[in-house]
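Each chain, written out:
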Amino acid sequence: MTRAYVGTYAAAEEPGIYALEFDETSGTFEIVGAFSGVENPSFLAVRDDLLLAVGETGRSTGSVHAFRLTGWPPQLELLGAGATNGDYPCHLSIDATGRWVAAANYGTGNVVVLPVTAGDFGEVSSEVQHGGRGPNESRQEGPHAHCALFSPGGRFVVAADLGIDRILVYGFDEVGGRLTYQTGVATLPGAGPRHVAFHPNAPVMFGVNELDNALVVYDFDRDTGGLRVR
């Protein structure tokens, strides 16, 4: 059996986080736990006994939440929550040290870093605001940060912005939790980059575009953060 967690859109009083078991023989999922308490926990990240969830809401109420995982089927205990200084956070990741969380605010197009200690969050330590627009008038009228992912080793944070057709790379200072623009790469106009993921061994990054339904493979320079389409 493979264990999995799923985040959804739901009211805070309704189940929005689900624990599942996947049976490799039958190819089926079984729900083994459902948890409420967070409005729109649309994206999750799991590290050891910690589950992180965004609270994808607007009106400058975007948030991140940390739960302790215990046992299986799991029990979830809310440890803390923090504000993301923006609207509709839709992605988060935790760095290699377990001390910092990066989050992407889709609505306001900004990326933030927050400290996390024992599951409780401090105030935002760094924030970068994207600007611009893309050719798709209904979806790219402004910046829409859709991903904020720490690179292997934690030296960089890579942000995909659907609204401006760019993937931006920020240098990350793990002492102060600060972001500094390093480099970036443009996608095809109207591509709408959504998420990125790193190869577990090779210096390769994968990007998926929401608007043109494309998967792009990049060479990733682990020393400079540079990206080049293969």
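Anything mentioned here points back to the structure above.
What you see is a predicted model; the values in this text were computed from it and never measured.

J.: Could you clarify how one ought to interpret the sheet that holds strand E2 (residues 17-23) in this entry?
T.: Within a sheet, neighbouring strands are paired by backbone hydrogen bonds and run either parallel or antiparallel to one another. Read across the sheet, three strands follow the order E1-E2-E3 without closing on themselves; strand pairing throughout is antiparallel. In this open sheet, the two edge strands, each paired with only one partner strand, are strand E1 (2-7) and strand E3 (28-35). Here the strands of the sheet are splayed against their neighbours by 30 degrees on average, with no regard to which way each runs. Where E1 and E2 come together, six bridges link them in antiparallel fashion.

J.: When you look at unusual backbone geometry in this model, what are you seeing that I'm missing?
T.: It is generally the case that most residues other than glycine have a negative phi and that most peptide bonds are trans. Trp-72 connects to Pro-73 through a cis peptide bond whose omega is -5 degrees. For Asn-85, which is not glycine, the phi dihedral falls at a positive 55 degrees. Structurally, Asn-85 is set in the loop between strand E7 (75-83) and strand E8 (89-94). Given a relative accessible area of 44%, Asn-85 falls into the partly exposed group.

Rules used in this analysis
Within every chain, residues take consecutive numbers counted from 1 along the sequence as written. Reporting in this predicted model follows two pLDDT cut-offs: at least 70 for local features of residues, and 80 or more for side-chain atom pairs to be given and counted; totals over whole chains, interfaces and linings ignore these cut-offs and use all residues. Hydrogen atoms and water are omitted, and side-chain values are computed over all heavy atoms in the structure. Two strands make a pair as long as DSSP finds a minimum of two bridges between them. Only DSSP runs of H or I covering at least 4 residues are called helices, and only runs of E covering at least 2 are called strands; the numbering of each starts at the N terminus. Interaxial angles span 0 to 180 degrees and are taken between N-to-C directions of axes, which are lines fitted to C-alpha atoms, for helices over the stretch in contact. In this scheme, a residue with accessible area under 20% of its type's maximum is buried, one over 50% is exposed, and one in between is partly exposed, where area comes from a 1.4 Å probe on protein chains only.

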